[in-house]
Amino acid sequence: MDKRQAIGSWLSGPRAAMEDAGADFGYRGEQLGLPEEGPGSIARPGRRLGALAVDWALCLLIAYSLITDGYGQATGNWALLIFFLLGVLTVGTLGFTPGKRLLGLRVIALDTGTVQPLRALIRTVLLCLAVPALIWDRDGRGLHDRVARTVEVRT
């Protein structure tokens, strides 16, 4: 192996290096019994971040216009509280937030298919902490989804 190939494998990450060595990881969601593409498949990170941005913008708008009447630190704090309530109430009852619905996503429980309020509470608390959402497994599920035993799929 020459230096260019060694540096290229380092830049593309450990998964690409293992695949070059012959390892077969399958597709995202295969271990969970989900389809590779289409409805019911694992949601891609771009859509998930887009839904998060829509939800956060909605929460900021509510906090700005109805509670603080101006933008400041208090607006961000109220927006986080509204985001928490939005996540617990909508994911725990409907399976999606307004942003997820707009972008064609929903949250399902791995064993039952529907998310109970307690799972939605655990998932949302960890999502509000932000760090668990930044730690992903090979299926693209964040730590908040793994702990709550949920997965975000396309509708």
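Presented here is a report on the structure given in the accompanying data block.

### Focus on the packing of aromatic side chains
Aromatic ring pairs: the centre-centre distance and the angle between the two ring planes describe each pair.
Piece 1. Throughout the structure, instances matching the rule amount to one aromatic pair.
Piece 2. When the centroid spacing of 6.0 Å and the interplanar angle of 70° are considered together, the rings of Trp56 and Phe83 count as edge-to-face. Note that Trp56 is positioned in helix 3 (residues 45–68) and Phe83 in helix 4 (residues 73–93), a separation of 27 residues in sequence.
Piece 3. One residue, Arg101, lies across the ring of Phe96, its end atom 5.1 Å from the ring centre.

### Some thoughts on unusual backbone geometry
Piece 1. Positive phi outside glycine occurs at Ala130, with the angle close to 70°.
Piece 2. If you trace the backbone, Ala130 turns up in the loop between helix 6 (117–129) and helix 7 (143–148).
Piece 3. Exposure remark for Ala130: the relative accessible area of 39% places this residue in the partly exposed category.

### As for the layout of surface pockets
Piece 1. Its volume calculated, the largest pocket comes out at about 350 Å³.
Piece 2. In terms of lining residues, the largest pocket is bounded by 16 residues, among which Leu49, Leu52, Leu127, Ala133 and His144 are the most central.
Piece 3. Elements with a contribution of two residues or more to the lining of the largest pocket: helix 3, helix 4 and helix 6.
Piece 4. Take the lining of the largest pocket: its biggest share by element is four residues, from helix 3.
Piece 5. The residue makeup of the lining of the largest pocket, split by class, is eleven nonpolar, one polar and four charged.

Calculation rules
- Residues numbered from 1 in each chain as written.
- Predicted model: local features only at pLDDT ≥ 70, side-chain atom pairs only at ≥ 80, totals over all residues.
- Heavy atoms only, no water.
- Phe/Tyr/Trp six-rings, centres within 6.5 Å; stacked < 30°, edge-to-face > 60°.
- Helix = DSSP H or I, 4+ residues; strand = E, 2+ residues; numbered from the N terminus.
- Lys NZ or Arg CZ within 6 Å of the ring centre and 35° of its normal.
- Buried < 20%, exposed > 50% of the residue type's maximum accessible area, 1.4 Å probe, protein only.
- 1 Å grid on protein atoms, 1.4 Å probe; cavity = no way out; pocket = protein on both sides within 12 Å on 5 of 7 lines; lining within 4 Å.
- Points joined across faces, edges and corners; volume = space filled by probe spheres on them.
- Nonpolar A, V, L, I, M, F, W, Y, C, P; charged D, E, K, R; others polar.

Keep in mind these values describe shape, not function.
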